[in-house]
Amino acid sequence: MWSSQISKNALAGLTTSFALVPECIAFALVAHLNPLTGLYGAFFICTITAIFGGRPGMISGAAGSMAVVIVALVAQHGLQYFLVTVVLSGLIMLLFGVLRLGKLVSMVPHPVMLGFVNGLAIVIAWSQLQHFKVDGAWLRGPALAWMCGLVALTMVIVYLLPRLTKALPPALVGILGVGVLSQLLHLPVRTLGDMANIAGGLPQFALPDVPLNMDTLRIVLPYAALMAVVGLLETLLTFNLTDEITETRGLPNQECVALGVANVTSGLFGGMGGCAMIGQTMINLSSGGRTRVSGAVSGIMILLFILFLSPLIERIPLAALVGVMFVVAQQTFAWSSLQVLGKVPRHDALLIIVVTAITVATDLAIAVLCGIVIAALGFAWRHAREIRADAATVDDVKTYTLHGTLFFASVARFNDLFDPQGDPGQTVLDCRHLRLADHSAVVAVATLSERYARAGKTLQVQHLSKRCATLLQRSGVMATV
């Protein structure tokens, strides 16, 4: 049983490694870097996070979301400043994990998660279209026909093979099967070798050749911070998705620490920065990868491709990898979210659509941050409308029994509940059902007390919780609890 699980996870890791290669090469080219820089980064980040991270089964590598962030830096300052940025971003990620801030991902609302998943699925599918171009021009004629045919064949294999046998990962069979077919028939199709030559030696340790002074820090710190934010967001959201798919719970802080160590190591050995990759993670999970073995094998295979197997790997048709990624995009997209758009509250439906659109149009970090802000504002608006008061007058004493939460968004509605000019000389605020949430609430109560004082009347606050009473007393508002 144990050997069977090891072989299953090893095959899943092998399958994932094939999908990592073109992505890392493409991301390196986007950042105007040598393709080997992306492959070295994939080796270090994938291997280290797989062995030491907190989420077995999740695949990390040189990610495109982080590559886009540093395009301007590489163009203006060169490779050495980029490597310093990778190291510094890794240190920020490491500090994030050490401070145990990984739990902050729990603050991401579910509609934002759905938008994130849907947006990335669209991005994964859209990014594959670049392989249908040569020197910026779309393929035509027989070249396009062969490309489309092999893509379709790969997708058919991936979809149908699980119905026949589950002994082998369908993506692996699709890639190798189409690769062998194209070689035997000498088909005129583009291969990995057409993207770049991936042969190389062992990565070499070297400190980045830049002056260690404040000028360097001012250059790299903004990029490093942005890389860290993007990497942590994508990693933790993919972490949550992996938890849901595997129905297990990982350790987010440990994953952040491992990711930070991996990026520091990658930068010191001339590799790109990276984070979790949702597409490759989905390939690994769908191929049966559930343990650290799959991720470790995937990372180690990247290094073996560079050192020994580049002549074989470079013959793999791009069409086979494109077909696999199209399947991944289809399986990643949360199709159920389309069915619930008309059933969930309108603000949640809008949130799903907005986050999806922003993810496609800009990048993940902006989309998630916008989603969280929109969700928070929506929550505050709805919660602010729930504050209310029941008023009763007995023996010339008017009592307001308040319900809800008093915070910055509900202050205006709170003030409209009272009439200092028309109320009797003695007014009581019964706060047994009211919670003071922030400093705005304290100021609101203090201001209300002043309004009654200016009208020549007294306001007595009763039945506050101990915490709320302490807040009021510190602010100078008298409270009778």
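Anyway, here's the lowdown on the structure attached to this text. Quantities reported herein were computed from a predicted structural model and do not represent experimental measurements.

So, the overall build of the protein
Then, in step 1: Scanning the protein from N- to C-terminus turns up 20 helices and eight strands.
Then, in step 2: In terms of its C-alpha atoms, the protein occupies a principal-axis envelope of roughly 100 × 55 × 50 Å.
Then, in step 3: Buried positions account for 52% of the 481 residues belonging to the protein.
Then, in step 4: Intrachain contacts of the protein at a sequence separation of at least 6 include 82% that bridge at least 24 residues.
Then, in step 5: When the accessible surface of the protein is summed, it comes to about 22100 Å², and 65% of that surface belongs to carbon and sulfur atoms.
Then, in step 6: Computed over 29 positive and 23 negative side-chain charges, the separation of the two mean positions in the protein equals 5 Å.

Let's talk about the packing of aromatic side chains
Then, in step 1: As enumerated under the stated definition, the model contains eight aromatic pairs in all.
Then, in step 2: Ring geometry for Phe 43 versus Phe 44: centroids 4.9 Å apart, planes at 55 degrees, classification tilted.
Then, in step 3: Of the residues examined, Phe 43 reaches a relative accessible area of 15% and is grouped as buried.
Then, in step 4: For Phe 44, a relative accessible area of 9% corresponds to the buried category.

Notes on the packing of helix H6 (residues 110–127) against helix H16 (residues 346–361)
Then, in step 1: Where H6 meets H16, the axes come as close as 7 Å, and the angle between the chain directions of the two elements is 35 degrees. Once H6 is placed against H16, the crossing between them reads as right-handed. Between H6, through Pro 111, Val 112, Leu 114, Gly 115, Phe 116, Asn 118, Gly 119, Leu 120, Ile 122 and Val 123, and H16, the contact on the second element is made entirely by Asp 348, Leu 351, Ile 352, Val 355, Thr 356, Thr 359 and Val 360.
Then, in step 2: Considered class by class, the residues forming the contact of H6 with H16 number 11 nonpolar, five polar and one charged.

Some remarks on unusual backbone geometry
Then, in step 1: Even without being glycine, Asp 396 reaches a positive phi, approximately 60 degrees.
Then, in step 2: Structurally, Asp 396 is set in the loop between strand E5 (388–394) and strand E6 (397–406).
Then, in step 3: Judged by its relative accessible area of 54%, Asp 396 is exposed.
Then, in step 4: Of note, His 463 is a non-glycine position whose phi angle comes to about 60 degrees, a positive value.

Considering a nonpolar patch on the surface
Then, in step 1: On the surface, a nonpolar cluster with roughly 440 Å² of combined accessible area is contributed by Leu 153, Val 180, Leu 181, Leu 184 and Leu 185.
Then, in step 2: Here the nonpolar patch takes three residues from helix H8 (residues 170–184), the largest share from any one element.
Then, in step 3: According to the relative accessible area criterion, Val 180 is partly exposed, its value standing at 49%.

Regarding the nonpolar core
Then, in step 1: Grouped together as the largest cluster of nonpolar side chains are 96 residues, with contacts concentrated most on Leu 39, Ile 70 and Ile 302.
Then, in step 2: Among all residues touching Ile 302, those that are not within four sequence positions of it are Ser 17, Leu 20, Val 21, Leu 39, Ala 42 and Phe 43.
Then, in step 3: Judged by nonpolar contacts, the second largest core, of 23 residues, contains Tyr 400, Phe 414, Phe 418 and Cys 431.

Details of the layout of surface pockets
Then, in step 1: Estimates place the volume of the largest pocket at around 700 Å³.
Then, in step 2: As for the largest pocket, its lining consists of 28 residues, of which Phe 27, Gly 64, Ser 65, Val 123 and Ser 127 are closest to the centre.
Then, in step 3: Among the secondary structure elements, those contributing two or more residues to the lining of the largest pocket are helix H1 (2–30), helix H3 (64–69), H6, helix H12 (278–286) and H16.
Then, in step 4: For the lining of the largest pocket, the element with the most residues is H6, which contributes six residues.

A few points about the pairing of E5
Then, in step 1: Looking at chain direction, E5 and E6 are connected through seven bridges and run antiparallel. Bridge pairing links Ala 389 to Leu 402 in E6.
Then, in step 2: The antiparallel hairpin formed by E5 and E6 contains two residues in its connecting segment, where Asp 395 sits at a positive phi of about 55 degrees.

Some points on the pattern of salt bridges
Then, in step 1: Inspection of the entire model under this criterion finds five salt bridges.
Then, in step 2: Residue Arg 55 is joined to Asp 243 by a salt bridge in which the shortest nitrogen-to-oxygen separation is 2.5 Å. One end of the pair, Arg 55, is in the loop between helix H2 (35–52) and strand E1 (60–61); the other, Asp 243, is in helix H10 (residues 214–246), with 188 residues separating them in the sequence. Both residues of the pair, Arg 55 and Asp 243, belong to the buried class.
Then, in step 3: Where Lys 398 meets Asp 423, a salt bridge forms, and the shortest distance between an N and an O atom there is 3.0 Å. Residue Lys 398 is located in strand E6, and its partner Asp 423 is located in the loop between helix H18 (411–415) and strand E7 (426–436); the two are separated by 25 residues in the primary sequence.
Then, in step 4: With relative accessibility at 4%, the residue Asp 423 sits in the buried group.

Quick word on H16
Then, in step 1: Helix length check: H16, at 16 residues, gives a terminal C-alpha distance of 22 Å against a target of 22 Å (1.5 Å per residue), a fit within 8%.
Then, in step 2: All of the buried residues along H16 are Ala 349, Leu 351, Ile 352, Val 355, Thr 356, Ile 358 and Thr 359.
Then, in step 3: Looking at the packing, one finds that the buried side of H16 touches H6 and helix H17 (364–384).

Cut-offs applied
- Residues numbered from 1 in each chain as written.
- Predicted model: local features only at pLDDT ≥ 70, side-chain atom pairs only at ≥ 80, totals over all residues.
- Heavy atoms only, no water.
- Helix = DSSP H or I, 4+ residues; strand = E, 2+ residues; numbered from the N terminus.
- Buried < 20%, exposed > 50% of the residue type's maximum accessible area, 1.4 Å probe, protein only.
- Contact = heavy atoms within 4.5 Å.
- Areas by Shrake-Rupley, 256 points an atom, 1.4 Å probe, with all protein chains shown as cover.
- Lys, Arg positive; Asp, Glu negative; His and termini not counted.
- Charge placed at Lys NZ, Arg CZ, Asp CG, Glu CD.
- Phe/Tyr/Trp six-rings, centres within 6.5 Å; stacked < 30°, edge-to-face > 60°.
- Axes fitted to C-alpha atoms, helices over the stretch in contact; angles between N-to-C directions.
- Left-handed = near helix turned anticlockwise from the far one by under 90°.
- Nonpolar A, V, L, I, M, F, W, Y, C, P; charged D, E, K, R; others polar.
- Patch = residues over 30% accessible without salt bridge, like charges linked within 9 Å, V, L, I, M, F, W, Y side chains within 5 Å.
- Salt bridge = Lys/Arg side-chain N within 4 Å of Asp/Glu carboxyl O.
- Core = buried A, V, L, I, M, F, W, Y, C linked by side-chain atoms within 4.5 Å.
- 1 Å grid on protein atoms, 1.4 Å probe; cavity = no way out; pocket = protein on both sides within 12 Å on 5 of 7 lines; lining within 4 Å.
- Points joined across faces, edges and corners; volume = space filled by probe spheres on them.
- Pairing = 2+ DSSP bridges.
- Expected span 1.5 Å × (residues − 1).

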